[in-house]
Amino acid sequence: KGKHINLGTFDSIEEAKAGDILCYPGHVAIYDGNGGRVHAYDTGYMIMHDTNIGGYYTIRRIIE
């Protein structure tokens, strides 16, 4: 099993940097660093970019 990595958890989008993971209930997206996110709506959907980042419950930074 992999080692659990916990380098940072943020509650505010103002602290987020490009590449941070936006965690939603049952979903994740990658923050673009400019107010948007990259994600796929569901399995089988194309990857898309949008600015609807609301509703996340935490932001995670894996690489410092």
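Quick caveat: nothing in here was measured; it's all calculated off a predicted structure.

## Structural notes on the overall build of the chain
Thinking step 1. Within the chain, the secondary structure is distributed over zero helices and six strands.
Thinking step 2. When the helices and strands of the chain are read in sequence order from the N terminus, they spell out β-β-β-β-β-β.
Thinking step 3. Put simply, the chain has 64 residues, and 28% of those count as buried.
Thinking step 4. Within the chain, contacts between residues separated by at least 24 positions form 49% of all contacts whose residues are at least 6 apart in sequence.
Thinking step 5. For the chain, the accessible surface area stands at approximately 4,800 Å², while carbon and sulfur atoms represent 56% of it.

## Considering the sheet that holds strand S4 (residues 37-40)
Strands in a sheet are paired, the pairing made by backbone hydrogen bonds, and the direction either parallel or antiparallel.
Thinking step 1. Spatially, the six strands line up as an open sheet ordered S1-S6-S2-S3-S4-S5, and their pairing is antiparallel. The outermost strands of the open sheet, each flanked by one partner alone, are strand S1 (9-10) and strand S5 (47-50).
Thinking step 2. By the bridge criterion, two bridges tie strand S3 (residues 27-31) to S4 in an arrangement that is antiparallel. Residue Ile30 lies in a different strand from S4, and its bridge partner there is Val38.

Thresholds applied
Residues numbered from 1 in each chain as written. Predicted model: local features only at pLDDT ≥ 70, side-chain atom pairs only at ≥ 80, totals over all residues. Heavy atoms only, no water. Helix = DSSP H or I, 4+ residues; strand = E, 2+ residues; numbered from the N terminus. Buried < 20%, exposed > 50% of the residue type's maximum accessible area, 1.4 Å probe, protein only. Contact = heavy atoms within 4.5 Å. Areas by Shrake-Rupley, 256 points an atom, 1.4 Å probe, with all protein chains shown as cover. Pairing = 2+ DSSP bridges.

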